[in-house]
Amino acid sequence: MTDASSSPVPPVTIHRTAYRPPEWRVPEVALDFALGLEETRVTAALSVVRDADAPAPLVLRGDALTAEAVRVDGEAWNGWRMDGPDLVVDLGDRTAAVVEVDTRIDPAANSQLMGLYASNSMLCTQCEAEGFRRITFHPDRPDVLSRYRVRMEGDKAAFPILLSNGNCVATGEGEGGTHWALWEDPWPKPSYLFALVAGDLVVNRDHFTTLSGRRVELGIWVRAGDQDRTHHAMASLKHSMAWDEQVYGREYDLDLFNIVAVSDFNMGAMENKGLNVFNTRYILADPDTATDADYDGVEGVVAHEYFHNWSGNRVTCRDWFQLSLKEGFTVYRDQSFSAAMGSAAVKRIEDVRVLRAAQFPEDAGPLAHPIRPDSYQEISNFYTATVYNKGAEIIRMMATMVGPERFRRGTDLYFDRHDGEAATCEDFVRAIEDGAGIDLTQFRLWYSQAGTPRIAARLEGDAASGEWVLHLAQTIPPTPGQPDKAPMLIPLRIKAFDRDGAAQDTAEQLVLLDHADATVPLGRFAGRPMLSINRGFSAPVIVDCARAPGELAWLAAHDDDPFARYEALQQLMLDTLVAAVSGEAAERGAVVDAVRETLAGAAADPAFVAEAVLLPSEAFIGDQMVTVDPDAIRRERLALQAAIGEALESEWRAILADPAPPATDLSPAAKGRRRLRGVALAYLGATARDDAPALAFAIFSDADGMTERQAALATLAHGDSDERAHALDIFYQRYRDNPLVLDKWFQVQAWSLRPDTVDAVRDLARHPDFTLANPNRVRALYGAFTANQAAFHRPDGAGYRLLADLVIALDPKNPQTAARLIPPLGRWKRFDEARAALMKAELGRILAQPGLSRDATEQASKSLV
Ligand code: PHE
Ligand code: ZN
């Protein structure tokens, strides 16, 4: 069904510097809901207080709403008008009033999944960033904080469970089979943190005792039958609560913490005060249906949303340009938490891989923006890898420079100073400066300058003295609206090793590169030292440093920083692949030897080894080239994979011969072994060994859990064996009624390295189980497809056409999710002329659609520049 309610408006650009404090405050909000799937009636009573010195009209934002009645201080009121979608109430020279507005909405027709909507006959809300204005008229800006009192009434059979923020203070029976509940949230909050859920739900209840001895009731609400898949989420929640007390001194501040899982959700989850709403994929997990990576995803997202209770809710954002204030900091917090729960080294590798896959390309393309953007047309388009993941790296750099104790003093001061306020990124930086005792004047450029800095690193030695130095030079590429950049403050953890000496001999240094160029003394070495640079990925930069294959292999084997070991092997693989793609004779021996050597440590740390021996993705290889050649990259990467698969065949077979740990064993050691088995299977699958499909099929059939099953299915999906078709069919029949697992079935086919994947994706889009109504399903198919570089970039443009068709079909229903799929088309500058022309043509076709949303218009038009 098409949601035609929000009519297209010409794009208006909103500027950060145009911020003005609100003229009216709204200390209290009372909401009254008469719930129905097709019709919900809302009465909102806003207690407003004027802050402006002179009389000012009260502007209440709306989106596709009609005001059915307006009352002021209990009396019918005619002094109002519509200004486009907004309601403007003339309050004369009043300085305070209670303004009541009646609206009526149709949740079942809300396919945007913003505001109040229906999902599986349950009602739920999503208000960040500007969804509250689709429920009722309101200033709907994060610097207007109110105490909420919410009464909802609905049919008892349809909506047995009625939830909102805070505490339930009264319930009762109504007429005609209805019942009602009254909820009060004692903490003032912005409208984007409002939530309401009504439906037929069951709960997994538990409790947590806070540091100060208070008991907090915990509830995870799901559909009947899903309770058994909530235990990992509950354990993750309790671990998060304990960790935030220990590491940040932050205690939970309500008596109740509820989580609700919904199937139809645009993002991962939402941190509404005391009532988090989650995409089912980040709550439901059991060994039969969720992979180890899915388990980690649940743990990380549960933590993320919980941590927002302080970094986001108690201290919120002044305006949406400050989004990274809550998101960058909270991602940093959830990353640190996950690192503490498992292997910190593996977590760091995963986080950097995500940054390089999603954020670096964004920073290098037409949609590049600073972590604190200067302007936007549609704020939904700025929930980006830059604001989130690069934002987290900026916080991490501050923590690296001051160390944990001083960083904690900084964050304590931040929470202290700004508790209950709507703050800015500048407030955060100042609190770290004051609390940790550091001058961040130059460091602030990370908030305002976009683009990934590049650092050229060069070693130089003096033969006579044996003294070596490191020359560093930074450049920051131009990005849209920012042609020239000033040098940034870049913290680089560096260490130089004596190749023949002990690996631990020299001390690590933290170099603060604050000029365009610098020379760093390294000390005395008998020969050219082995350079370990940007250890632990201390700064989100690209380092260009000529190191011979032998040096990289030495570092991969001997560096005492695990991330640097991983990085050295990746660089060796990358150099080998880029050379091969550029037509140089393929010299694979050094890579094979380094992988062999790394595999020797598999027993001690299988998860790390599994990460380290993975080949760089096709997209990341492409990112190293001036003009991406997707077909050559595909060919050379497959060839290297096959060469490693064959050369180390007995190693891979030995890994697979060792039986998998039981799927119910979720210890880091068991997860690591499964991960390594998946990698071994992929390498064997890339060889021409006849028994490879049968081996994969046996693993698929014998698997007692989803990690092994999915890994085997993904390996089979690349080929064209009979086992492939058979396994896909078995998987489909077994899981056709489980949407989250069916997503995987779509995903592995869209990931396939087969040459006919574009056609397969086109067919899958017509499969009866494919639907545009569910964002998870859309992303499973099309998100995986656009990540499949050679398929998406098929030379005839069929992949681009397929994506544009999807965007055009989805935009009228769900503009937010449609717009998020556009960026892959905007990478045209990196491809050959023929592909670039085809990509631009599809962007143009999207833009030519009548009634295109503001979301898609902004993404497509900026992508064409
Ligand atoms: N604020 C949510 C988070 O980061 C993300 C989100 C944004 C969810 C917008 C829905 C809509 O946890
Ligand atoms: Zn968040």
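From a predicted model like this one, the values you see are computed outputs, not experimental measurements.

Caption draft 1: Representation of the overall build of the protein chain. Helix and strand content of the protein chain: 26 helices and 31 strands. Over its C-alpha trace the protein chain gives a radius of gyration of 28 Å, about what one expects of a compact globule, namely 29 Å for 865 residues. Once the C-alpha set of the protein chain is aligned to its principal axes, its extents read approximately 90 × 65 × 60 Å. Looking at the protein chain residue by residue over its 865 residues, the buried ones come to 51%. Contacts in the protein chain between residues at least 24 apart in sequence constitute 70% of all its contacts with a sequence separation of at least 6.

Caption draft 2: Summary view of helix α1 (residues 231–248). Over its 18 residues, α1 extends 25 Å from the first C-alpha to the last, a length consistent with the 26 Å expected when each residue adds 1.5 Å. Here α1 has its buried residues at H232, A233, S236, L237, S240, M241, W243 and D244. On its buried face, α1 sits against β17 (202–209), β18 (215–222), β19 (256–262), α2 (292–307) and α3 (323–341). In the segment just after α1, G249 is the residue with positive phi, at about 65°.

Caption draft 3: Structural context of the environment of A760. Its place among the elements puts A760 in helix α20 (residues 757–764). The partly exposed category is assigned to A760, around which 16 C-beta atoms lie within 10 Å. Placed 111 residues apart in sequence, A760 and E649 show a C-alpha to C-alpha distance of 31 Å. In this structure, A760 is in contact with Q749 and S752, ignoring residues within four places of it in sequence.

Caption draft 4: Summary view of the site of ligand 1. Every residue near ligand 1 is listed here: Q126, E128, N266, M267, A269, M270, E271, H304, E305, E327 and Y383. Class assignment for the residues of the shell around ligand 1 results in four nonpolar, three polar and four charged.

Caption draft 5: Representation of the pairing of strand β12 (residues 145–155). Pairing analysis gives seven bridges linking strand β2 (residues 24–34) to β12, with the strands arranged parallel. Across the sheet, A34 pairs through a bridge with E153, a residue of β12. Direction of pairing for β12 relative to strand β15 (residues 178–190): antiparallel, over a ladder of 10 bridges. Each bridged residue has a counterpart across the sheet, and for M152 the counterpart in β15 is A181.

Caption draft 6: Here's a closer look at the environment of A546. Along the polypeptide, A546 turns up in the loop between β31 (542–545) and α8 (549–558). With 98 residues separating them in the primary sequence, A546 and I644 have C-alpha atoms 24 Å apart.

Caption draft 7: Structural view of the sheet that holds β17. The mixed open sheet is built from five strands, whose spatial order is β17-β18-β19-β21-β20. Two strands in the sheet have a free side with no partner beyond their single neighbour: β17 and β20 (269–270). As defined by bridge partners, β19 adjoins strand β21 (residues 275–279) across five bridges and the pair is classed as parallel. For I259, the partnering residue across the bridge sits in β21 and is N276.

Caption draft 8: Highlighting unusual backbone geometry. Residue A129 is reached from E128 by a cis peptide bond, and omega for that bond is -5°. Position of A129 among the secondary structure elements: in the loop between β11 (122–126) and β12. You will see that A64, though not glycine, has its phi angle at about 60°, which is positive. For A64, a count of 17 C-beta atoms within 10 Å puts it in the partly exposed group. Although it is not a glycine, S121 sits at a positive phi angle of roughly 55°. In this structure, S121 sits in the loop between β10 (115–119) and β11.

Caption draft 9: Local environment of the UniProt feature "domain: Peptidase M1 membrane alanine aminopeptidase" (unreviewed entry) in the protein chain. Here the UniProt feature "domain: Peptidase M1 membrane alanine aminopeptidase" (unreviewed entry) sits at residues 233–443. Counted over residues 233–443, helix gives 55% and strand 9%. Its end C-alpha atoms are 37 Å apart.

Caption draft 10: Region of interest: helix α26 (residues 854–864). The buried count for α26 comes to eight of 11 residues, which makes it a mostly enclosed element. Listed as buried for α26 are D855, A856, T857, E858, Q859, A860, K862 and S863.

Caption draft 11: Structural context of the environment of D90. Here D90 shows up in the loop between β8 (86–89) and β9 (96–105). Looking at D90, the number of C-beta atoms within 10 Å reads 15, which means it is partly exposed. Between the alpha carbons of D90 and G451 there is a distance of 46 Å; along the sequence they are 361 residues apart. Excluding residues that lie within four positions of it along the chain, D90 makes contacts with P57, G79 and W80.

Caption draft 12: Just the packing of α8 against helix α10 (residues 589–599), in detail. Packing of α8 against α10 brings their axes to within 10 Å, and their N-to-C directions diverge by 10°. Classified by the angle between their axes, α8 and α10 sit roughly parallel to one another. Contacts from P549, A553, A556 and A557 of α8 reach α10 at A590, D593, A594, E597 and T598. Considered class by class, the residues forming the contact of α8 with α10 number six nonpolar, one polar and two charged.

Caption draft 13: Structural detail: the confidence of the model for the protein chain. In this model, the protein chain carries a mean pLDDT of 97, and residues with pLDDT of at least 70 account for 98%. Interface confidence in the predicted complex, given as ipTM, is 0.99; pTM for the same model is 0.98.

Caption draft 14: Region of interest: the pairing of β10. With five of five residues buried, β10 is to be regarded as a mostly interior element. The sheet contact formed by β10 and β11 spans five bridges and is antiparallel. Bridge pairing links Y117 to C124 in β11. In this antiparallel pair of consecutive strands, β10 and β11, the connection spans two residues, and N120 shows a positive phi of 50°.

Caption draft 15: Spotlight on the sheet that holds β8. A sheet is described by the order of its strands in space; here three strands give the open sequence β4-β8-β7, paired in antiparallel fashion. In this open sheet, the two edge strands, each paired with only one partner strand, are β4 (58–60) and β7 (80–83). The mean angle between the axes of side-by-side strands here comes to 25°, regardless of whether they run parallel or antiparallel.

Caption draft 16: Summary view of the packing of α3 against helix α5 (residues 385–418). One can describe the packing of α3 onto α5 by two numbers: an axis separation of 7 Å at closest approach and a directional angle of 70°. Our classification of the angle between α3 and α5 gives roughly perpendicular. Mapping the contact onto sequence places L323, S324, E327, G328, F329, V331, Y332 and Q335 in α3 and V387, Y388, N389, G391, A392, I394, I395 and R396 in α5. The class makeup of the residues in the contact of α3 with α5 is nine nonpolar, five polar and two charged.

Rules used throughout
Residues numbered from 1 in each chain as written. Chains lettered and ligands numbered in written order. Predicted model: local features only at pLDDT ≥ 70, side-chain atom pairs only at ≥ 80, totals over all residues. Helix = DSSP H or I, 4+ residues; strand = E, 2+ residues; numbered from the N terminus. Rg over C-alpha atoms; globule rule 2.2 N^0.38 Å. Buried ≥ 20, exposed ≤ 12 C-beta atoms within 10 Å, placed from the backbone. Contact = placed C-beta atoms within 7 Å. Expected span 1.5 Å × (residues − 1). Near = placed C-beta within 6 Å. Nonpolar A, V, L, I, M, F, W, Y, C, P; charged D, E, K, R; others polar. Pairing = 2+ DSSP bridges. UniProt positions renumbered as here; feature names shortened; annotations may be inferred. Axes fitted to C-alpha atoms, helices over the stretch in contact; angles between N-to-C directions. Parallel < 35°, antiparallel > 145°, perpendicular 65-115°, else oblique. pLDDT = per-residue confidence, 0-100.

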